[in-house]
Amino acid sequence: MKNHSLITTFKSLRGNPRGCVYTEPLWGIPYNLYAPYISIYMVALGLSDKQIGLIVSISWGFQVVLALLSGILTDKLGRRWTTLIFDIVSWTIPALISAAAQNFWYFLIAGIINSVWRITHNSWSCLLVEDAEPDQLVDIFTWIYIANILVGFVAPLAGLFIGAFSLIPTMRGLYIFAAVMFTVKAIVAFRLTEETQ
């Protein structure tokens with residue numbers, strides 16, 4: 001097992017792939033704590049099914065436009081700066097807005113701002129693979145997949161917190177925790193990477 005290619009790749013990661021892979025749980029853990037309860041939180045704050053659907057539809061529309069612009073912005077600003085800036089914009093800011101949410105408008109604004117993740121997804125993907133060793137690419141993507149599967153196991157902790165503290169206070173706390181973790185992840189990934197060649 002210790003000679004398996006996945007283990008060898010994980011230990012030998014250097015540069016940008018290491019900075020991207022090693023920091024992925026800093027995003028995945030907080031996201032998986034609050035994500036299963038987002039719609040329930042919205043309902044608890046008085047949103048209707050139609051309003052929740054409208055937020056999703058509008059944010060998807062913004063995502064389409066931003067995905068088309070993501071390559072231009074990534075090339076103009078560079079992979080590292082685009083990832084740093086838009087990670088904070090797309091994840092930290094919406095988490096803080098959602099933590100303070102009182103009604104439909106908070107969630108709509110948070111949803112629109114969160115749509116910016118389409119930009120950072122592009123720049124982060126470039127940062128992950130452009131300077132990677134070609135023979136490590138499959139293993140690198142496998143580790144990203146594994147990281148996101150493993151952090152999913154933290155989701156039941158949120159249920160325990162909700163049972164102890166009730167839904168709305170727990171979700172507000174989880175969003176604040178997420179905002180801190182998303183910011184730390186963005187900064188650490190920025191420090192561990194260099195602009196691609």
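Since the model is a prediction, treat every value here as computed from it, not as a measurement.

### Considerations on the overall build of the protein chain
Line of reasoning, step 1. Looking only at helices and strands, the protein chain features 10 helices and zero strands.
Line of reasoning, step 2. Listing each helix as α and each strand as β along the protein chain from the N terminus yields α-α-α-α-α-α-α-α-α-α.
Line of reasoning, step 3. Dimensions of the protein chain, computed from the C-alpha atoms along their principal axes, are close to 50 × 40 × 25 Å.
Line of reasoning, step 4. Of all 197 residues assigned to the protein chain, the portion counted as buried reaches 45%.

### Some points on the side chain of Ser115
Line of reasoning, step 1. In this structure, Ser115 sits in the loop between α6 (104–114) and α7 (117–129).
Line of reasoning, step 2. Exposure remark for Ser115: the relative accessible area of 0% places this residue in the buried category.
Line of reasoning, step 3. Here Gly111 takes part through its backbone oxygen, which lies 3.0 Å from a polar atom of the side chain of Ser115.
Line of reasoning, step 4. Ignoring anything within four residues of it in the chain, the contact list for Ser115 reads Ser59, Phe62, Gln63 and Leu66.

### What to know about the pattern of salt bridges
As a working rule, side chains carrying opposite charge can pair if their charged atoms are close by.
Line of reasoning, step 1. Per the stated rule, a full pass over the model turns up three salt bridges.
Line of reasoning, step 2. For Lys185, the salt bridge is made with Asp87, and the minimal N-O distance between the two is 3.5 Å. One end of the pair, Lys185, is in helix α10 (residues 167–192); the other, Asp87, is in helix α5 (residues 79–99), and 98 residues separate them in sequence. Each member of the pair, Lys185 as well as Asp87, is classed as buried.
Line of reasoning, step 3. The structure contains a network of salt bridges with shared partners spanning Asp75, Arg79 and Glu130.

### Examining the packing of helix α1 (residues 5–12) against helix α8 (residues 137–150)
Line of reasoning, step 1. Put simply, α1 and α8 touch, their axes get as near as 10 Å, and they point 90° apart. The orientation of α1 with respect to α8, classified from their angle, is roughly perpendicular. Two secondary-structure elements touch here, α1 through Ser5, Leu6, Ile7, Thr9 and Phe10 and α8 through Asp139, Ile140, Thr142, Trp143 and Ile146.
Line of reasoning, step 2. Partitioned by chemical class, the residues of the contact of α1 with α8 number six nonpolar, three polar and one charged.

### Section: the layout of surface pockets
Line of reasoning, step 1. Estimated volume of the largest pocket: approximately 520 Å³.
Line of reasoning, step 2. Along the walls of the largest pocket sit 23 residues, with Ile38, Met42, Ser59, Gly111 and Asn114 positioned nearest its centre.
Line of reasoning, step 3. For the lining of the largest pocket, the secondary structure elements donating two or more residues are α2 (15–34), α3 (38–44), α4 (49–77), α5 and α6.
Line of reasoning, step 4. In the lining of the largest pocket, the residues fall into 15 nonpolar, eight polar and no charged.
Line of reasoning, step 5. Of the pockets and cavities examined, the second largest pocket occupies roughly 300 Å³.
Line of reasoning, step 6. Forming the boundary of the second largest pocket are Glu24, Trp27, Asp87, Trp91, Trp117, Thr120, His121, Trp124, Ile144, Asn148, Phe182 and Lys185.
Line of reasoning, step 7. Among the secondary structure elements, those contributing two or more residues to the lining of the second largest pocket are α2, α5, α7, α8 and α10.
Line of reasoning, step 8. In terms of residue count, the dominant contributor to the lining of the second largest pocket is α7 (four residues).
Line of reasoning, step 9. Across the lining of the second largest pocket, the residue classes break down as six nonpolar, three polar and three charged.

### Examining the side chain of Thr120
Line of reasoning, step 1. The residue Thr120 is located in helix α7 in this model.
Line of reasoning, step 2. Assessed through its relative accessible area of 4%, Thr120 is described here as buried.
Line of reasoning, step 3. Among the polar contacts listed, one links the side chain of Thr120 to the side chain of Asp87, at a separation of 3.0 Å.
Line of reasoning, step 4. Once you skip the residues sitting within four places of it in the chain, Thr120 turns out to touch Thr82, Thr83, Phe86, Asp87, Ser90 and Trp91.

Quick notes on the rules
Each residue is numbered by its place in its chain's sequence as written, counting from 1. Predicted model: local features are reported for residues with pLDDT of at least 70 only, side-chain atom pairs are reported and counted for 80 or more only, and whole-chain, interface and lining totals are derived from all residues. Side-chain measures here rest on the full set of heavy atoms in the structure, leaving out hydrogens and waters. Elements are defined by DSSP. Helices are runs of H or I of four residues or more, strands are runs of E of two residues or more, and each kind is numbered from the N terminus. Relative accessibility under 20% of the residue-type maximum defines a buried residue, over 50% an exposed one, and the middle range a partly exposed one, all with a 1.4 Å probe and only protein chains included. Counted as a polar contact is a pair of N or O atoms within 3.5 Å, where, for protein atoms, one must be capable of donating a hydrogen and the other of accepting one, and residues adjacent in sequence contribute only when both atoms are in side chains. In what follows, residue pairs with any heavy atoms lying within 4.5 Å of each other are defined as contacts. Note on definitions: salt bridges are taken to be side-chain nitrogens of Lys or Arg within 4 Å of carboxyl oxygens of Asp or Glu. For helices, the fitted line uses only the C-alpha atoms of the stretch in contact; every axis is such a line through C-alpha atoms, and the angle between N-to-C directions lies from 0 to 180 degrees. Should an angle fall under 35 degrees it is called roughly parallel, over 145 degrees roughly antiparallel, and 65 to 115 degrees roughly perpendicular, with every other angle called oblique. Residue polarity is assigned by list, with Asp, Glu, Lys and Arg as charged and Ala, Val, Leu, Ile, Met, Phe, Trp, Tyr, Cys and Pro as nonpolar; anything else, Gly included, falls into the polar class. Both site types are read off a 1 Å grid over the protein atoms alone. A 1.4 Å probe that fits but cannot get out defines a cavity, while an open set with protein on both sides within 12 Å along at least five of seven lines defines a pocket; lining residues have an atom within 4 Å of a point. Grid points are joined across faces, edges and corners, and a volume is the space filled by probe spheres set on the points.

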